[in-house]
Amino acid sequence: MKQERSKELFIAAKKYMPGGVNSPVRAFRSVGLEPVFIKQGIGSKLYDVDDNEYIDYVCSWGPLILGHSYPQVVQAISEAAAKGTSFGACCEREVELAQLICEAIPSIDKVRLVNSGTEATMSAVRLARAYTGREKIVKFEGCYHGHADSFLIKAGSGLLTSGVPTSSGVPGSFVWSTLVARYNDTESVEKIFAEYGQEIAAVIVEPVAGNMGLVLPQPGFLENLRRITERSGALLIFDEVISGFRTCYGGFQNLAGIVPDLTTLGKIIGGGLPVGAYGGREDIMNLVAPEGDVYQAGTLSGNPLAMAAGTATLKILKEGNCYDELEKAASLLTGKIKDVFAKYGICWALNQIGSMFSIFFNEGEVCTYEEVIKSDTDKYARFYRELLKEGIYFPPSQYEVCFVSCAHSQDDIEKTVEAIDKALSRIL
Ligand code: HOZ
């Protein structure tokens, strides 16, 4: 596998950017490699600057549910760009995307569009604090809600990958106001509420945890969160930045039948451009400025390019009935991976929902953070390196999720399974 150009670019990148990257996991450190630099994405494939081709299971960390450079999305962006890239003023496309979101997710009466998932979650928490007049929040070990100070405590994603789950630079007052419970462990939440119930503004949770690898909510867990928050007057925030429009058209909450007070979104609603959103009940959302006094603003919020990409993507998903096909493709792949595991006599955990899946290098079930971190990350790194050589692009971390897109074909799946077989034969 040729890598000369990627190596040259990485040397230059390190001179000008910390660690040579703009987001830590991309540095490939935890898999013992240097990053490949991507020059193009088409459908299910990525092409790097050394002309290597990969079947992509990162899909830009989730947004590209339709695959790379989907023609209608590209066309929508081009048409919008030709009329101006940003106005810093109201435009029709914002209304269209907001309407699509509100219609798809019944718990969202009103929505505020922002530029990233991080903006969405930090704004939702500010709003919850204003609504309840309380300061503390509850989050879960291994869940990741972007990089605002309140959330960088026992967090997943890049923090878990780097083995430093709590970031330095976070003021003590934030650590004090963020209480950490255990995912899929109602008792840990009850304990926190027994002690601090009247001080808790909100519980924020990824209803499908996607930043410590994929961990599914156990039956009753989310229902319990709804019950506990309702009882104590705290808000329930579902962080659906990853799961929104991924598991079905709408939020995972549509499938689970649970109504959170606030929801955060990102990734897919931007169709590959930077968009986030927070929304929920009208009485809560009406506290947001200029209707209310919870301030939050953004020069590029609602910009026409991002709105065009998001609207085009959601319309295709809405009309295309894509979710059954996605689920079938992902199940075909995970089923075949399990066959390969059986051939080698291994029973690693393989979690899947719809088109998201994670292999944990870990015998037995993985339903909790404690089980997640038992995974053999060195073995994952060796597996990763072998897969990359075979032209398969998995997330460069044990603690991220694989995504299947509408562009992944039967042929891609066959090739992926063959590559996994070869990779395992070399590392076991
Ligand atoms: N934290 C992101 C995945 N959950 C990674 C973002 C990126 O590196 O682009």
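Now for a description of the structure that goes with this document. All residue numbers here refer to positions counted from 1 along the written sequence of the relevant chain. Given that this is a predicted model, residues contribute local features only at a pLDDT of at least 70 and side-chain atom pairs are listed and counted only at 80 or more, while totals for whole chains, interfaces and linings are drawn from all residues. Hydrogens are left out, water is left out, and the side-chain values use all remaining heavy atoms of the structure.

### Points about the overall build of the chain
Each helix corresponds to a stretch of at least 4 residues labelled H or I by DSSP, and each strand to a stretch of at least 2 residues labelled E; elements are numbered beginning at the N terminus. Broken down by element type, the chain carries 15 helices and 14 strands. Taken over the C-alpha trace, the chain has a radius of gyration of 21 Å; the compact-globule value for 428 residues is 22 Å, and the two agree within 12%. Here the C-alpha coordinates of the chain stretch approximately 55 × 55 × 45 Å along the principal axes. Working definition: with a 1.4 Å probe on protein chains only, accessible area under 20% of the residue-type maximum means buried, over 50% means exposed, and in between means partly exposed. Here the chain holds 428 residues, and 57% of them are scored as buried. Whether two residues are in contact is decided by their heavy atoms: any pair within 4.5 Å suffices. Within the chain, contacts between residues separated by at least 24 positions form 71% of all contacts whose residues are at least 6 apart in sequence. Total accessible area on the chain stands at roughly 17,500 Å², and carbon and sulfur atoms take up 51% of it. When we talk radius of gyration, it's over C-alpha atoms, and the globule rule is simply 2.2 Å times the number of residues to the 0.38. Surface accessibility follows the Shrake-Rupley procedure with a 1.4 Å probe radius. Residue values consider only the protein chains on display as shielding.

### Points about the sheet that holds strand β13 (residues 392-393)
Hydrogen bonding along the main chain pairs the strands of a sheet, whether they run parallel or antiparallel. Ordered by their spatial adjacency, four strands build an open sheet running β1-β2-β3-β13, and the pairing between neighbours is mixed. Edge positions in the sheet fall to β1 (38-42) and β13, since each has one partner strand and no second. With four bridges joining them, β1 and strand β2 (residues 45-48) adopt antiparallel strand pairing. The residue bridging I38 from the neighbouring strand is D48, located in β2. Two strands pair if DSSP finds at least two bridges between them.

### Here we look at unusual backbone geometry
Residue A289 is joined to P290 through a cis peptide bond whose omega torsion reads 10°. Along the chain, P290 falls in the loop between α10 (282-285) and α11 (304-320). One non-glycine residue, D51, adopts positive backbone phi at about 70°. Here D51 shows up in the loop between β2 and β3 (53-56). Among the residues examined, D51 registers a relative accessible area of 55% and is labelled exposed.

### Section: the packing of aromatic side chains
Only the six-membered ring of Trp is used, alongside the rings of Phe and Tyr, when aromatic pairs are assigned; centres must lie within 6.5 Å, and planes under 30 degrees apart are stacked while those over 60 apart are edge-to-face, with the rest tilted. Within this structure, the stated rule accounts for 18 aromatic pairs. Ring centres 6.2 Å apart and planes at 90° place the aromatic pair F140 and Y183 in the edge-to-face group. Of this pair, F140 sits in strand β5 (residues 136-140) while Y183 sits in the loop between β6 (178-181) and α7 (186-196); the two residues are 43 residues apart in sequence, bridging distant segments of the chain. Summarising the burial analysis for this pair, F140 and Y183 share the class buried. By definition, being over a ring means that NZ of Lys or CZ of Arg is both within 6 Å of the ring centre and within 35 degrees of the ring normal. Here K136 stacks its cationic end above the ring of W176, 3.6 Å away from the centre of that ring.

### Let's talk about the site of the ligand
A molecule or strand has a residue near it when one of that residue's heavy atoms lies within 4 Å. Every residue near the ligand is listed here: S23, R26, W61, Y144, S157, N211 and E400. Contact distances for the ligand include 2.8 Å between an oxygen atom and a side-chain N or O atom of S23. Taking N211, its side chain carries an N or O atom lying 2.8 Å from a nitrogen atom of the ligand. Against a free-state accessible area of 290 Å², the protein chains account for coverage of 86% of the ligand. Within 3.5 Å is the distance limit for a polar contact, defined as a pair of N or O atoms, with the added protein rule that one can donate a hydrogen and the other accept it, and that residues adjacent in sequence qualify only through two side-chain atoms.

### Here's the deal with the packing of α7 against helix α8 (residues 221-232)
At their nearest, the axes of α7 and α8 sit 10 Å apart, and the two run at 10° to each other. Between α7 and α8, the angle is such that the two are roughly parallel. In this structure, α7 uses T186, V189, E190 and F193 to contact α8, whose residues at the interface are F221, N224, L225, R227, I228, T229, R231 and S232. Here the residues of the contact of α7 with α8 sort into five nonpolar, four polar and three charged. All axes here are fitted lines through C-alpha atoms, helices being fitted over the stretch that makes contact, and every angle between N-to-C directions spans 0 to 180 degrees. Between 65 and 115 degrees an angle is taken as roughly perpendicular, under 35 as roughly parallel, over 145 as roughly antiparallel, and anywhere else as oblique. Each residue receives one of three labels: charged for Asp, Glu, Lys and Arg, nonpolar for Ala, Val, Leu, Ile, Met, Phe, Trp, Tyr, Cys and Pro, and polar for the others, Gly being one of them.

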